[in-house]
Amino acid sequence: MEPRSLTVPVDVGTLDVLDWSPDAAPRATVLALHGFPETPWAWGPVAERLVPRGVRVVAPAQRGYSPGARPAGVDAYALEHLGADALEVLDRLGLDGAHVAGHDWGASVAWWLAVHHPGRVEALTAVSVPHLTAFADAILTDPVQQEKSAYFGLFRQEGRAEDVLLEEGAHRLRALFGEDVPAYLVDAHLAVLGNRDTLTAALNWYRAMRRSDLPDVTVPTTYVWGEEDMAIGRTAAEGCAARVAGDYRYVALPGVGHWVPEQAADAVAEEILARIG
């Protein structure tokens, strides 16, 4: 199933957007936000399951990943700017609201959007990364999460991280996906991330991050976590519940790792459909 390719203007340029749409008018639209080191194609397996059910999936290549929206400087990649881009995609596409789904860094943006613009988020499906306050608390107090998040130290080193990840044909970037992501999707991701300009912009998300004490989320929320996640531990995952004041569903997937949209597309699609109703 091939998506349409759109170009959407935002404050810092233009975002490339993949748009999977049913033939008839959609009964709902999902704004799908990708993580690192991925691209909008990560949502392709989920879109293939949603479109036949009458659901449109709109997935932007986010700031830094789109060559037309790649500002210089670390500060340009602070979370509030990434969230503003997502909001502007909704505006430019004429969408008053959408079901928002985010994986990894895309989940961070989705949490921000749900907190700051709840009227635009019909429901939230966050995948892998929990509410950012729960995540920050786990990093502070949980030795398991501290170990899982130790890679932040490398990623925040300007220049060195790029050297390490790109050497020998970017084999370390490819190795991050293990056996969990089909080769054709890994190839699609690395076709974008396998050059220094894009990789630096993507790593600037890590370099700009700071502790995010977000308020509790009030929109209907589903949090999906793979029990074998290499980056997110159980303390952070289970701590998410205390940060959602609205209707909440927690889905732990046994045998599933970090790359949930690619590895467990059926489960993610069904959880999104359950929120759509």
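A brief structural summary. Predicted model, so just to flag it, every value in this text is computed and none were measured. (Residues numbered from 1 in each chain as written. Predicted model: local features only at pLDDT ≥ 70, side-chain atom pairs only at ≥ 80, totals over all residues. Heavy atoms only, no water.)

Approximately 500 Å³ is the volume attributed to the largest pocket. Lining the largest pocket are 24 residues; nearest its centre among them are Trp105, Phe135, Met209, Arg210 and Ser212. Considering each element in turn, the lining of the largest pocket owes the most residues, five residues, to helix H4 (residues 132-141). Here the residues of the lining of the largest pocket sort into 17 nonpolar, three polar and four charged. (1 Å grid on protein atoms, 1.4 Å probe; cavity = no way out; pocket = protein on both sides within 12 Å on 5 of 7 lines; lining within 4 Å. Points joined across faces, edges and corners; volume = space filled by probe spheres on them. Helix = DSSP H or I, 4+ residues; strand = E, 2+ residues; numbered from the N terminus. Nonpolar A, V, L, I, M, F, W, Y, C, P; charged D, E, K, R; others polar.)

One recurring pattern in soluble globular proteins is that nonpolar side chains are buried together. Within the largest apolar cluster, 72 residues are counted, with the highest numbers of intra-cluster contacts made by Leu31, Phe36, Trp111, Leu124 and Leu173. By residue number, the principal contributor to this core is helix H3 (residues 105-116), which donates nine residues. Contacts of leucine 173, omitting those with residues within four sequence positions, involve Phe36, Pro37, Leu165, Leu166, Leu190, Leu193 and Leu199. (Core = buried A, V, L, I, M, F, W, Y, C linked by side-chain atoms within 4.5 Å. Buried < 20%, exposed > 50% of the residue type's maximum accessible area, 1.4 Å probe, protein only. Contact = heavy atoms within 4.5 Å.)

The next point concerns the packing of helix H2 (residues 79-92) against H3. Relative orientation of the contacting elements H2 and H3 amounts to 75°, with a least axis distance of 9 Å. Considered as vectors, H2 and H3 are oriented roughly perpendicular to each other. Between H2, through Leu79, Glu80, Leu82, Gly83, Ala84, Ala86 and Leu87, and H3, the contact on the second element is made entirely by Ser108, Val109, Trp112 and Leu113. (Axes fitted to C-alpha atoms, helices over the stretch in contact; angles between N-to-C directions. Parallel < 35°, antiparallel > 145°, perpendicular 65-115°, else oblique.)

None of this, on its own, says anything about what the molecule does.
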